[in-house]
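Architecture at a glance
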Amino acid sequence: MPDLEVTQKVMALLEPGVWRSGEALAAQLGVSRVSVWKAVQKLRAQGYPLESGAGGYRFEVDAPLGIEGVTYLGSVGSTMDQARNLARGDAPEFSAVLSERQSAGRGRRGRVWQSPAGSGLYLSLVLRPDVPLSSLGLLPLLVGACLQRAIDAQTGFAGVLKWSNDLLAPDGRKLAGVLLESEIEDGAAKFVVLGIGINVRVQDFPLDLNAAALEEFTPNVNRKALLENILTELRVQYERFLESPSSALELWRSQNGTLGRAVRVLLPDSSSWDGTAVEVASDGGLQVQTLSGELKTVFAGDVSLRHT
Amino acid sequence: MDPKDLKRLLDALKDAEVKEFSLETAEYKVSVKRGAEVVYAAAPPVIVTAPQPPQPLAQPAAVATAATAATAATDVVVASSANDAPVAPPTGHTQKAPIVGTFYASSSPDAAAFVQVGSKVEAGKVICIIEAMKLMNEIEAEISGTIKEILVKNAQPVEYGQPLFVIE
């Protein structure tokens, strides 16, 4: 049997939290124990969280393995690119690609999203929202609200929901981020690729990333359970959004930690100014009252919360 | 002053290595900063291309009131006063913003622009991104042709329906 085939079959036989001995696997596949060991090494090198011990081999207990509709990779350049390929085909909505590691994980405008193996949840989903383009900007707000609900439901730790959809630690560092990419043709979105990055395990973040991990605030997060909660939450709220896009606004308003706060706005043209976040507009833009009393609407850029 | 004269003027300034130059007459005003920005505004400024849509109060940044081209010295949007010879109506297809947001000429700050004036495009080719709430909307060319004008600067806010490109 070729090595690649052995590797795939070993992967298919391993489960989260359940030991399988090398002998049993070898016998089942009709290969040597060394072949099984090599396959495990290969999977581990690809980024899959595999444990070995006296009992044999197993996936870590919270490995996000075996979720319907989710392609589970060890490593990839960017899940955004993989999911976009699915979207360009006829993949149904909520088809997802999750990778333990991204070598080129990205955020807004070419920024890096650090994605080391086993540390978080990095995934991209295919959506085909049949809503007017004028409502599409509410989808990012909806996603941020869903992430917060799912994390809160599982851990009791809610974080701070910042416009448009970042989830922050109480000290302002970033726990989770969302990026969406769409292709617009003739005034309609052909599809939207929704990217979600959540920092779960504590890791050495470069200071300038200003990042934080969930487990700094709530221990022993089960990544698989969290992902299942997020997907369920997204499906429920997305259905409501398709029926009535403004439902996303209500949800976001009811949970956000941005309105009423002093903010600093850094626009894509590098201009920057301070003000107070007063309202979110019907299209999702953030209305900010400047220090001189002028009301401006922000659609893109960095809004940071200031402590006054 | 026609575009050929302007080109001659720019060439002369380049040859003489003049960094900055301005000239004002009853008909027009030209100011040139070499290496950076070229502004050629007529008095009163009338933009040849399609009119701007009404600007709501909350518009985050003013739309340029003078025709401005910031890329290359030869890349000049010509504005004309009412006294000049009648200007030919714009030809080609004006592609407008399908969504409110921020206009990006490239996929990331380090990447080359999707298109430049003179680029040939097929319908369906991505020609810009408009970001709204971290949703990066890749906007595809509505028709095949040549990019005649790019009417928005990188990283500037655009309103729904605002003209972005002229494709001919």
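The notes below deal with the structure included here. (Residues numbered from 1 in each chain as written. Chains lettered and ligands numbered in written order. Predicted model: local features only at pLDDT ≥ 70, side-chain atom pairs only at ≥ 80, totals over all residues. Heavy atoms only, no water.)

1. Details of the interface of chain A and chain B
The criterion, for reference: By definition, residues are in contact when any of their heavy atoms lie within 4.5 Å. Two parts placed together each lose some accessible area; with a 1.4 Å probe, that loss summed over both constitutes the buried area. Each reported salt bridge corresponds to a side-chain nitrogen of Lys or Arg within 4 Å of a carboxyl oxygen of Asp or Glu. Between N or O atoms, a polar contact is any pair within 3.5 Å; within protein, one atom must be a potential hydrogen donor and the other a potential acceptor, and residues adjacent in sequence are included only when both atoms are from side chains. Numbering of helices and strands starts at the N terminus; helices are DSSP runs of H or I of at least 4 residues and strands are runs of E of at least 2. Just so you know the grouping, Ala, Val, Leu, Ile, Met, Phe, Trp, Tyr, Cys and Pro go in nonpolar, Asp, Glu, Lys and Arg go in charged, and all remaining residues, Gly too, go in polar.
Each side of the interface is counted separately: chain A has 36 residues, and chain B has 27 residues. Considering only the surface of chain A that becomes buried against chain B, A:Arg109, A:Ile184 and A:Phe299 emerge as the three largest contributors, covering 30% of it. Linking chain A with chain B are four salt bridges, by the criterion used here. Where B:Glu138 meets A:Arg84, a salt bridge forms, and the shortest distance between an N and an O atom there is 2.8 Å. Joining chain A to chain B, the criterion identifies 18 residue pairs in polar contact (both at pLDDT 80 or more). Elements with a minimum of two residues in the side of chain A that touches chain B: α5 (133-136), α6 (139-155), β8 (174-185), β9 (188-199) and β13 (295-298) of chain A. Ranked by the residues each element gives to the side of chain A that touches chain B, the list is headed by β8(A), at nine residues. Class assignment for the residues of the side of chain A that touches chain B results in 14 nonpolar, nine polar and 13 charged.

2. Some points on the environment of A:Gly30
Relative to the elements of secondary structure, A:Gly30 occurs in the loop between α2 (22-29) and α3 (33-46). Each C-alpha atom, one on A:Gly30 and one on A:Met1, is 8.8 Å from the other, the two residues being 29 residues apart in sequence.

3. Looking at the side chain of A:Ser164
Here is the rule we go by: Think of it in three bands: residues with accessible area under 20% of the maximum for their type are buried, residues over 50% are exposed, and the middle band is partly exposed, with areas taken using a 1.4 Å probe on protein chains only.
Relative to the helices and strands, A:Ser164 is located in the loop between β6 (160-162) and β7 (166-168). The exposure class assigned to A:Ser164 is buried, which follows from its relative accessible area of 3%. For A:Ser164, the side chain forms a polar contact with the main-chain oxygen of B:Met133, separated by 3.3 Å. The residues touching A:Ser164, leaving out its near neighbours within four places in the chain, are A:Pro140, A:Leu141, A:Trp252, B:Met133 and B:Lys134.

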